[in-house]
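Summary of structural features
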Amino acid sequence: MTLVVIHAAAPAPLLIAGLLWWFGSPKYTDVGYQPEQPVPFSHKVHAGDLGIDCRYCHASIEESHEANIPPAQTCMNCHRSIKKNSEALAPVRESYETGKPINWVRVHKLPEYAYFDHSVHLKAGVGCTSCHGDIDRQEIVTQRETLSMGWCLDCHRHPHQHIRDLTETSVTDMEWQPAKGQYNAAEAIIQEKELSPPEDCAACHR
Ligand code: HEC
Ligand code: HEC
Ligand code: HEC
Ligand code: HEC
Ligand code: HEC
């Protein structure tokens, strides 16, 4: 229902595009979901080849439950001079000039009734790759995990393979792999930080 309310406030062309997108997608939260974006932004180029840290663009992710999509201003820090006449970047320049946000298509989305907070997971040492896969190799962002309740609970019951030692690596290190002795190392961190991933309904359905 919220969807209808949001779109009712939007101009008509947007409404139609929005509904087509909604009903046209196989299922909003499917693995492999890879919508076309208004700008051919490549994580492979920016996060992979250029090595820009995820948090340069998704800057609020450690403080807020929302992982922001960067405003055009962040892009223009570079694209005022790099590829400044590129056709592909026209919507970015337009957004920068008018202040109207770029209409990125949302890829990962939980239903309204499920609560999720990025910052808690990152502080616990769960890295981006555990939930989003190899974003730094993707030309177009693709959903890699189901984001289903069973998926959440699987990790909450057995988080050890996903807990990093943040004194040695960072949550945005895309090469990190659990090494030998991972279980014990993770168990020590779980004890020290008193991590307790919840399994009770009210934690995720508030
Ligand atoms: C230069 C800026 C920039 C950097 C660096 C960057 N991103 Fe992004 N990210 C974006 C933009 C813009 C979008 C929206 C367009 C898209 O989906 O491709 C996005 C989308 C995403 C999405 C999908 C959001 C959704 O709609 O579900 C994920 C997940 C994501 N980024 C993760 C990462 C990770 C992990 C890294 C680091 C490895 C990273 N990003 C680095 C700019 C960036
Ligand atoms: C730290 C600098 C930097 C930032 C920030 C940055 N880019 Fe880029 N971008 C580059 C570089 C470098 C290239 C590659 C240029 C080349 O291929 O020679 C590039 C290439 C591109 C291209 C391909 C352009 C073409 O014509 O081939 C697009 C599209 C693009 N970036 C979009 C974005 C968007 C959208 C953002 C903001 C979310 C962004 N970039 C932020 C540095 C940056
Ligand atoms: C524990 C799993 C998990 C981890 C770790 C994680 N994400 Fe997410 N991410 C999600 C889920 C679930 C969503 C959908 C959230 C929703 O719809 O409320 C999401 C959504 C996003 C979005 C879309 C915008 C938003 O606010 O929802 C971006 C961008 C994103 N993640 C980037 C990142 C980056 C960058 C990292 C690492 C620094 C990261 N994520 C780590 C699970 C995770
Ligand atoms: C890869 C592992 C992993 C996945 C996947 C994961 N979590 Fe968690 N989650 C954790 C860990 C570890 C903690 C414990 C954090 C702590 O105790 O500080 C946690 C804590 C939480 C909490 C309690 C903290 C808070 O924000 O109130 C909630 C709620 C939560 N997760 C929701 C979710 C939901 C919803 C999903 C699925 C969409 C999910 N998680 C997927 C590892 C994971
Ligand atoms: C760790 C987080 C988490 C916990 C704990 C949790 N849920 Fe969920 N639940 C979710 C997420 C995320 C979804 C959305 C799944 C999707 O979109 O496919 C969901 C979906 C649901 C649905 C919708 C139907 C379905 O299966 O998709 C029901 C009903 C539900 N949960 C009931 C419960 C009950 C009852 C409990 C306690 C026994 C519980 N949940 C505990 C995260 C959680």
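Preceding block: the structure.
Heads up: these notes are all about the structure in this document. (Residues numbered from 1 in each chain as written. Chains lettered and ligands numbered in written order. Predicted model: local features only at pLDDT ≥ 70, side-chain atom pairs only at ≥ 80, totals over all residues. Heavy atoms only, no water.)

With respect to the coordination of the iron atom of ligand 4
Angles at a metal have ideal values that depend on geometry: 109.5 degrees with four tetrahedral donors, 90 or 180 degrees with six octahedral donors. Listed as protein donors to the iron atom of ligand 4 are H121 (NE2) and H156 (NE2); their distances from the metal cover 1.9 to 2.0 Å. Relative to the metal, the 6 donor atoms surrounding the iron atom of ligand 4 lie at angles of 87 to 179°, and the coordination shape comes out octahedral. Here H121 is found in helix α7 (residues 118–124), whereas its partner H156 is found in helix α9 (residues 149–157), with 35 residues between them in sequence. (Donors = N, O, S within 2.8 Å, 3.2 Å for Na, K, Ca; no water. Tetrahedral: all angles 85-135°; square planar, octahedral: opposite > 155°, others 65-115°. Helix = DSSP H or I, 4+ residues; strand = E, 2+ residues; numbered from the N terminus.)

Side note on the coordination of the iron atom of ligand 5
Those protein atoms acting as donors to the iron atom of ligand 5 are M149 (SD) and H205 (NE2), and they sit at 2.0 to 2.1 Å. The exposure class of M149 is exposed, given its relative accessible area of 56%. (Buried < 20%, exposed > 50% of the residue type's maximum accessible area, 1.4 Å probe, protein only.)

Brief notes about the site of ligand 2
Close to ligand 2 lie 18 residues, the nearest being H46, C75, C78, H79 and S86. Between H79 and ligand 2, the recorded distance is 2.7 Å, taken from a side-chain N or O atom to a nitrogen atom. Residue S86 places a side-chain N or O atom 2.6 Å away from an oxygen atom belonging to ligand 2. Tallying contributions element by element places helix α5 (residues 72–79) first for the shell around ligand 2, with 4 residues. The class makeup of the residues in the shell around ligand 2 is 13 nonpolar, 4 polar and 1 charged. (Near = heavy atom within 4 Å. Polar contact = N/O pair within 3.5 Å; in protein donor to acceptor, adjacent residues only side chain to side chain. Nonpolar A, V, L, I, M, F, W, Y, C, P; charged D, E, K, R; others polar.)

With respect to the site of ligand 4
Around ligand 4, 22 residues are found, and the nearest of them are H121, C152, C155, H156 and R206. In this structure, S196 approaches ligand 4 through a main-chain N or O atom, which is 2.9 Å from an oxygen atom. Those elements that provide at least two residues to the shell around ligand 4 are α7, α9 and α11 (201–204). The leading source of residues in the shell around ligand 4 is α9, at 4 residues. Partitioned by chemical class, the residues of the shell around ligand 4 number 16 nonpolar, 4 polar and 2 charged.

Some thoughts on the pattern of salt bridges
By the definition in use, this model includes 6 salt bridges. Between D53 and R55 there is a salt bridge, with the nearest N and O atoms lying 2.9 Å from each other. Put simply, E175 and R137 hold a salt bridge, and the shortest N to O gap is 3.7 Å. Of this pair, E175 sits in the loop between α9 and α10 (182–193) while R137 sits in the loop between α8 (128–132) and α9, placing them 38 residues apart in sequence. Per residue, the accessibility class of E175 equals that of R137, and both read exposed. (Salt bridge = Lys/Arg side-chain N within 4 Å of Asp/Glu carboxyl O.)

It is worth stressing that arrangement in space is one thing and function is another; only the former is reported here.
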